[in-house]
Amino acid sequence: MSEAVPGPAGRWFDGSTSRGRPVRVDLLPGARGPSIRLVPLGVDSGRSAAEIAPADIGWPEAWSAHHAPSVLVIDLGPHGSLQVHDVVGWQRARTLAGARPSLATRMLTHWPVFLSVLLVSAIAVFAFYRWGTPWVATWLARQVPPAWERSLGQRSLQGLDDARMTQPTRLDADTQARLRERFGQVLAATAVPPGQKPELQFRAGMGVNAFALPGGTVVLTDGLVRHAGKSGLGDEALAGVMAHELGHAVHRHGLRMLIEQGVLSVGLGLVLGDVSNLLALAGTTATGLAYSRRHEVEADCHALAVMRRAGLPVAPMADLLETMEQAQAGPAPAPASAPGPANAASASGPTARSAPSWEWLSSHPATPDRANRLRAGNTQGC
Amino acid sequence: MRTAAASRLHALSIDPDDIPDAQPATGPRIDAFPIRFTGDGASYLRLWLVNTALRIVTLGFYTPFARRKTVQYFFGHTVVAGSPLEFVAPKKRMLFGFVMMVLLLISWKIAVESGQDTAASLFVLGGALLAPWAWGSAMRFRMTATRWRGVRMQFAATWGEVYRASWPIFLIALAWIAFVFAVDHAIPDTPPGSPPRMPVKPSWDALAFPLGALAVALLTSLFAGARLDYNYQALAVARCRVGNQAGRWKLRYADFVGLWLATVGVLLLGVAAALGVFFATGAAAVFGLRAGGPSTGGLAFVVLILLGLVVGGLLLVLSSAPARAYREARRFRMIWNQIGLSHIARCKCRLDVGRYVRLRLVNLVLTLITLGFYLPYARISEYRMRAESVTLFVKGGLHQLAGQLAREEQGLGDALADAAGLGLIT
């Protein structure tokens, strides 16, 4: 151990009374930071010095590089506390004794350190939410028992039916049988994960829409089937939609979204909640929408691969997407795209809701881009 | 120091009955120590930014350290009789409490979102039963971690006292359970499977019962809430020990009932004003839309509804803000005017309630405009106004406090209380 560094005078409150004792504060360099020796002064000067181990010392924070406080209080743990008025003398003695300021302290006193940490933290957050959370969600979704996933999907559909958001289908039996045949064709070309039992269901209500439920159930609305018929787009367009929705089911997007939203709301709430709840909400929403758009791209990729394997054309589905958007942009009131509670557990349909310039505010990628990629069979990003 | 304190008395124009200015011929002398706050917005903003950045890098695990630093900033700049307050909570305990809290929160979220109703209700029930324990252990933790001139504070209430003081919680819960049952009773059962029927015509007779139950539940919440507030505050002060001295509590339940009723009055005024503004702007907007002709319909209407939602939300926050600030200020003044430490110390508080409410409203608007980045300045200015309104009067000198060994507490209760919104600083 090297030489003790003589420090400033101070008052020692040892915790037994509120009366302070005058002391000289010496700092002793050590491997685990400096320790403190309190040498009694004045009337007590005959008494022996007390030594405080590094583990018991709580060093006071330097709150600012410019404004030194009028009095420093050093926490001595079970030995009470120490007050020092000569702040400059104290800092000099600390440096001489080999004390290194912590990262948090250097961030408080040096702008470059602060800005570097800010940059690192921005990158860390981006990486965590861009790659970390989706990866964890995918892994976790695979661990969920298939039976539990199926029951989650059944409950979601039951919830929609109970809330009268969906009603029994009014399509005729022929149409249903024809589409079921198509579904079988698409399904045959799909690699279904073990435990999932994909099936096709029809429902009235919820406008022009299609959605997949956790567990593999694909729901087409009467509105969508009629719209495809009216636009002169045959069952092949609907087969593409089925392949897209089956993609959601196969990739377990419903469950993954549930997990991703959970991590988002807890994580961003924790980090940004103190700054502003508004900011936390905006961050959660924007990131959630980004995840949703990536799920849509994944489902489109799935549709491309399956349709190619089944020997079916993809172009009709692209046309369907575009006519749907035109129908919505027209003077007719937009169909209710149901953001109901059950929808949180399902991956919603191919309905595009916003103009391209607002893509980051939308749950789906911009429709013209999607349609073009499908037509071109563009597997970039798959 | 004594002459300085005495000369400050003139500036503060304190009631001469409370504090003899000159040394009286008989009896011990009394010194006045106005509490000073030496923090400032700029340096706290810096600390706040550093804390936020470090919390982000550590995915939130810096939170307990950030909390500790924040409390140390406020305490360390609160100067009582020349010595700042000290906050010396052990870091490990705060981290442990935080981790436990996060695990609880995540399992609760999963239980709720995956529809596991039994587990979720168990959480709620357990939370209610443990609420008094959480409050009590938060008080113990915080007081034990607070020192002045090396002498620890201590919360000496037993668990029996804490649970006995908590009876209003259970009364409020009972009142609301009764209300739910009353509503259940009033709505006729529909057999499962049959389509839900809208009640054809609600008769006043059928509505009277649930409405009565609602009124009872609201009134119970008001009076029992005031009682709980009173009980806890009384316990916190009377069972607080600083060294060998016990806290002194003189307020009555009636004082708290008066405060809560006045707060409800201010709240109703605020809501009425907000509703007035909301409907006036709404009517103006609708008229403007009509004048624009039918071509502007559709989209403009949607924008109008969105705007209405945003403005309505803001007004909701703004309309309750005066009531919250009013309650906080009056409660603070009431308590700090009466609080004392056995026979050696008394506090006087000269907080101007009107000024405090105005400060809070200005801060709220500035915080909203800056998307939250004014918050550090807002906190500093409010804390300063509260802290500097208090003067401590000490009889017989400051050296009579003797420390006592206090049992250290786990940090879980503190983390729970923090999650429930019981701030250490505010």
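All of these numbers come straight from a predicted model, not from anything done at the bench.

(A) A look at the overall build of chain B. A tally of regular secondary structure across chain B gives 13 helices and 11 strands. Partitioning the contacts of chain B with sequence separation of at least 6, the portion at a separation of at least 24 is 77%. As presented, chain B carries roughly 22400 Å² of accessible surface, and 70% of it is formed by carbon and sulfur atoms.

(B) Here's a closer look at helix α11 (residues 353-369) of chain B. Residues and elements named next belong to chain B. Helix length check: α11 (17 residues) gives 24 Å between terminal C-alpha atoms against 24 Å at 1.5 Å per residue, within 8%. Buried residues of α11: V353, Y356, V357, L359, R360, N363, L364 and T367, and no others. Buried residues of α11, seen end-on, are gathered within an arc of 160° and therefore sit on one face of the element. With respect to the buried face of α11, the exposed residues turned more than 90 degrees away are R358 and I369. Its side-chain oxygen 3.1 Å from the backbone nitrogen of G354, D352 forms the N-cap of α11. Phi turns positive one or two residues past the end of α11, at L371, with a value near 55°.

(C) Examining the interface of chain A and chain B more closely. At the interface, 43 residues of chain A touch 48 residues of chain B. Here chain A and chain B share an interface that buries about 4000 Å² over both sides, 65% of which is from carbon and sulfur atoms. Between chain A and chain B we count two salt bridges in total. Notably, a salt bridge pairs A:E61 with B:K69, separated by 3.2 Å at the nearest N-O pair.

(D) Molecular detail of the pattern of salt bridges. Considering all chains together, one arrives at 21 salt bridges over all chains under this definition. A:E298 serves as the salt-bridge partner of A:R256, at 3.4 Å between the closest nitrogen and oxygen. On the criterion of sequence distance, the pair formed by A:R256 in helix α8 (residues 253-272) and A:E298 in helix α9 (residues 277-310) is long-range, its members being 42 residues apart. Salt bridges sharing partners connect three or more residues here, namely B:E328, B:R360, B:E382 and B:R386.

(E) The arrangement of the pairing of strand β3 (residues 35-40) of chain A in detail. All names here are of chain A. Relative to β3, strand β2 (residues 21-28) is paired through six bridges, and the arrangement is antiparallel. Bridge pairing in β3 places D26 opposite R37. Counting the residues between successive antiparallel strands, the hairpin from β2 to β3 contains six residues, one of them, G33, with a positive phi of roughly 90°. Here β3 runs beside strand β4 (residues 50-52); their pairing, made up of three bridges, is antiparallel. Counted as the bridge partner of L38 is A50 from β4.

(F) Here's a closer look at the confidence of the model for chain A. All names here are of chain A. Of all residues in chain A, 87% attain a pLDDT of 70 or more, and the chain-wide mean is 81. For chain A, per-element mean pLDDT is lowest for α8, which scores 78, and highest for strand β6 (residues 81-84), which scores 93. Confidence drops under a pLDDT of 50 for residues 331-357, and excluding neighbours within four residues, the segment shows 60 contacts in the predicted structure.

(G) Broad picture of the environment of B:A178. All names here are of chain B. Of note, A178 is situated in helix α7 (residues 167-186). Judged by its relative accessible area of 44%, A178 falls in the partly exposed class. A C-alpha to C-alpha distance of 9.4 Å links A178 and V216, two positions 38 residues apart in sequence.

(H) The arrangement of the nonpolar core in detail. Counting 74 residues, the largest nonpolar core has B:W135, B:F155 and B:W249 as its most contacted members. At nine residues, helix α8 (residues 204-238) of chain B tops the list of elements feeding residues into this core. Within the second largest apolar cluster, 35 residues are counted, among which are A:A210, A:L220, A:M242 and A:L304.

(I) Layout of the pairing of strand β8 (residues 245-248) of chain B. Residue and element names in this part refer to chain B. Here two bridges tie strand β7 (residues 240-242) to β8, and the two strands are oriented antiparallel to one another. For R241, the partnering residue across the bridge sits in β8 and is A246. The hairpin formed by β7 and β8 contains two residues between the paired strands, and G243 there has a positive phi angle of roughly 60°.

(J) Region of interest: the packing of aromatic side chains. Evaluated as defined, the whole model comprises 24 aromatic pairs over all chains. With a centroid separation of 5.6 Å and 80° between ring planes, the pair formed by A:W111 and A:F114 is classed as edge-to-face. Of this pair, A:W111 and A:F114 are both found in helix α3 (residues 111-143), three residues apart, which corresponds to roughly one turn of the helix. By relative accessible area, A:W111 is classed as partly exposed at 46%. Ring pairing ties together the aromatic residues A:W63, B:F37, B:Y44, B:Y73, B:F74 and B:Y383, which thus form one cluster. Directly above the aromatic system of B:W159 lies the positively charged group of B:R140, at a separation of 4.7 Å from the ring centroid. Over the face of the ring belonging to B:Y253 we find B:R227, whose NZ or CZ atom lies 4.7 Å from the ring centre.

Scoring rules and cut-offs
- In this convention, every chain numbers its residues from 1, walking through the sequence in written order.
- All chains are assigned letters beginning with A, and all ligands numbers beginning with 1, in the order in which they are written.
- For this predicted model, a pLDDT threshold of at least 70 governs which residues receive local features, and a threshold of 80 or more governs which side-chain atom pairs are given and counted, while totals over whole chains, interfaces and linings are taken from all residues.
- Side-chain measures were taken over the full set of non-hydrogen atoms in the model, leaving aside hydrogen atoms and water.
- A helix here means a DSSP run of H or I that spans at least four residues, while a strand means a run of E at least two residues long, and both kinds are numbered starting from the N terminus.
- In this analysis, two residues are considered to be in contact whenever any of their non-hydrogen atoms come within 4.5 Å of each other.
- For the accessible areas, the method is Shrake-Rupley and the probe is 1.4 Å, while residue cover comes only from the protein chains on display.
- Helix span, as expected, comes to 1.5 Å for every residue beyond the first.
- Only protein chains enter the accessibility calculation, which uses a 1.4 Å probe; a residue is then buried when its area is under 20% of its type maximum, exposed when over 50%, and partly exposed in between.
- This arc corresponds to the set of directions leading from the helix axis out to the C-beta atoms.
- Two N or O atoms form a polar contact when they lie within 3.5 Å of each other; inside protein one atom must be a possible hydrogen donor and the other a possible acceptor, and for residues adjacent in sequence the pair counts only when both atoms belong to side chains.
- Throughout, the accessible surface (probe 1.4 Å) given up by two parts as they are put together, summed over both, is called the buried area.
- Here, a salt bridge means any side-chain nitrogen of Lys or Arg that lies within 4 Å of a carboxyl oxygen of Asp or Glu.
- One bridge is not enough; two strands pair if DSSP finds at least two bridges between them.
- Looking at any residue, its pLDDT shows the predictor's confidence there, from 0 to 100.
- Buried residues of nine kinds, namely Ala, Val, Leu, Ile, Met, Phe, Trp, Tyr and Cys, make up a nonpolar core once their side-chain atoms join them within 4.5 Å.
- By convention, a stacked pair of Phe, Tyr or Trp rings (six-membered ring in the case of Trp) has centres within 6.5 Å and planes under 30 degrees apart, an edge-to-face pair has planes over 60 apart, and any other such pair is tilted.
- Working rule: Lys NZ or Arg CZ, within 6 Å of ring centre, within 35 degrees of ring normal, means a charge sits over the ring.

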